[in-house]
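# Observations on chain architecture
Single-letter residue listing:
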Amino acid sequence: METQARIQLSGEPDGMQNYFDALTQAGAVPVGGYCPSPDLTCDGLVLCGGGDLDSALFGQENRGSEAPDHARDAAELALFQAFFQAGKPILGICRGMQLINVALGGTLIQDLPQEQKAFHCGGKADMVHPLRALEGSVLHMLYGPVFSVNSSHHQAVDALGKGLRAVAWAESGFAEAIDCPGLPLLGVQFHPERMAFGRHRLDTVDGAALFSWFLGVCQGDVSAFSEMPGLFSDKA
């Protein structure tokens, strides 16, 4: 019997149930919580969505960011560095994608222009919009060249961190997914945990496919992805 992957999570104190549910239904054992210390006995790391990062972390004054959670910022930067240096798989979701970018020296758009925000931030309700994926990327493999996702964010990745590349874009041109060629690292701006399993919706792609892919990577199953640039080779 195959051993279940143990996945460390970090998120908001009361905002992680959807992530736990999605990973459990995908066949993983999720562990972690708010501001956990790195547990490198886990097979992978998921950095969950939530509030804004401190703009000082990427060398900017506040230009529309919401009040940061300094404890969470520090804990998740430490988590990222521990798993990244260990070469273990990392999936960043929404804020998690932004944290990956900042951790590697990138910057953020602190508040999208209103004409863009209207497509990405709908208050309590998710918006739905199309993405365009880079050919040969994970998202292209899973969902094709253009596909619909949910969205709930007022910030976005701006200048990319060291070694990162954009692998999907919003209709207005900013990055909605990033990876790091040669490493098992992926960040997505959308919320697959809110469009998977019991929360699957008909107006977006199925987020379960992304969690299944990530668990496969965490369990060392690279056979289906070995020819894909940006994951397990130095080919870009």
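Below: a short report on this structure. The structure presented is a predicted model; accordingly, all values stated were derived computationally and were not measured.

## Describing the nonpolar core
Ile-7, Val-46 and Leu-139 are the most contacted members of the largest nonpolar core, which has 37 residues in total. The biggest single contributor to this core is helix H6 (residues 208–218), with 8 residues. Sequence-distant contacts of Leu-139, that is, excluding residues within four places in its chain, are made with Ala-133, Gly-144, Phe-147, Ala-168, Ala-177, Val-188, Phe-190 and Leu-210. Of all hydrophobic cores here, the second largest spans 24 residues; its members include Phe-58, Leu-79, Phe-80 and Leu-185.

## Comments concerning the sheet that holds strand E6 (residues 127–133)
Strand order in this open sheet of 9 strands is E2-E1-E3-E4-E11-E10-E9-E6-E7, and the pairing throughout is mixed. In the strand order of this sheet, the two ends are held by strand E2 (29–33) and strand E7 (146–151), each with one partner. Strand-to-strand twist across the sheet, computed as the mean angle between neighbouring axes with direction ignored, equals 25 degrees. The pairing of strand E4 (residues 90–93) with strand E11 (residues 185–188) spans 4 bridges and is classified as parallel.

## Section: the side chain of Glu-176
Examined against the element boundaries, Glu-176 turns out to sit in strand E10 (residues 175–179). The buried charged residue Glu-176 lacks any salt bridge partner; its closest oppositely charged side chain belongs to Arg-194, at an N-O distance of 11 Å. In contact with Glu-176, other than residues within four places in its own chain, are Met-97, His-120, His-129, Leu-131, His-153, Ala-168, Trp-169, Ala-170, Gly-187, Val-188, Gln-189 and Phe-190.

## Re the pattern of salt bridges
Summed over all chains, the structure comprises 9 salt bridges. Note that Asp-21 is salt-bridged to Arg-199, the shortest N-O span being 3.3 Å. You can see Asp-21 sitting in helix H1 (residues 17–26) and its partner Arg-199 sitting in the loop between E11 and H6, a full 178 residues away along the chain. Owing to a relative accessible area of 32%, Arg-199 belongs among the partly exposed residues under this scheme. Asp-179 is the partner of Arg-165 in a salt bridge, and the nearest nitrogen-oxygen pair spans 2.7 Å. A residue pair is termed long-range when its members are at least 10 positions apart, and Arg-165 in strand E9 (residues 165–169) and Asp-179 in strand E10 qualify at 14 residues. Each member of the pair, Arg-165 as well as Asp-179, is classed as buried.

## Some remarks on H1
Residues of H1 that are buried: Tyr-19, Ala-22 and Leu-23. In an axial view of H1, the angular spread of the buried residues amounts to 95 degrees, which keeps them on one side of the axis. Among the structural elements, strand E1 (6–10), E2, strand E3 (44–47), E4 and H6 are those in contact with the buried residues of H1.

Cut-off values and rules
- Every residue gets a number counted from 1 within its own chain, in the order that chain's sequence is written.
- With pLDDT at 70 or above as the cut-off, local features in this predicted model cover only qualifying residues; side-chain atom pairs require 80 or more to be listed or tallied, and sums for whole chains, interfaces and linings still use all residues.
- Values shown for side chains rest on all heavy atoms present in the structure; no hydrogens or waters enter the calculation.
- The definition of a nonpolar core used throughout is a set of buried Ala, Val, Leu, Ile, Met, Phe, Trp, Tyr and Cys residues joined through side-chain atoms within 4.5 Å.
- Partly exposed describes any residue whose relative accessible area lies between the buried limit of under 20% and the exposed limit of over 50%, with all areas from a 1.4 Å probe on protein chains only and scaled to the type maximum.
- A helix here means a DSSP run of H or I that spans at least four residues, while a strand means a run of E at least two residues long, and both kinds are numbered starting from the N terminus.
- Only heavy atoms matter for contacts: two residues are in contact if any of them lie within 4.5 Å across the pair.
- Strand pairing is assigned whenever DSSP detects at least two bridges linking the two strands.
- Note on definitions: angles span 0 to 180 degrees between N-to-C directions of axes, and those axes are lines fitted to C-alpha atoms, for helices only across the stretch in contact.
- The charged-residue count follows a simple rule in which Lys and Arg add positive charge and Asp and Glu add negative charge, with His and chain termini not counted at all.
- In what follows, salt bridge is the name for a side-chain nitrogen of Lys or Arg lying within 4 Å of a carboxyl oxygen of Asp or Glu.
- Directions drawn from the helix axis to the C-beta atoms are what define this arc.

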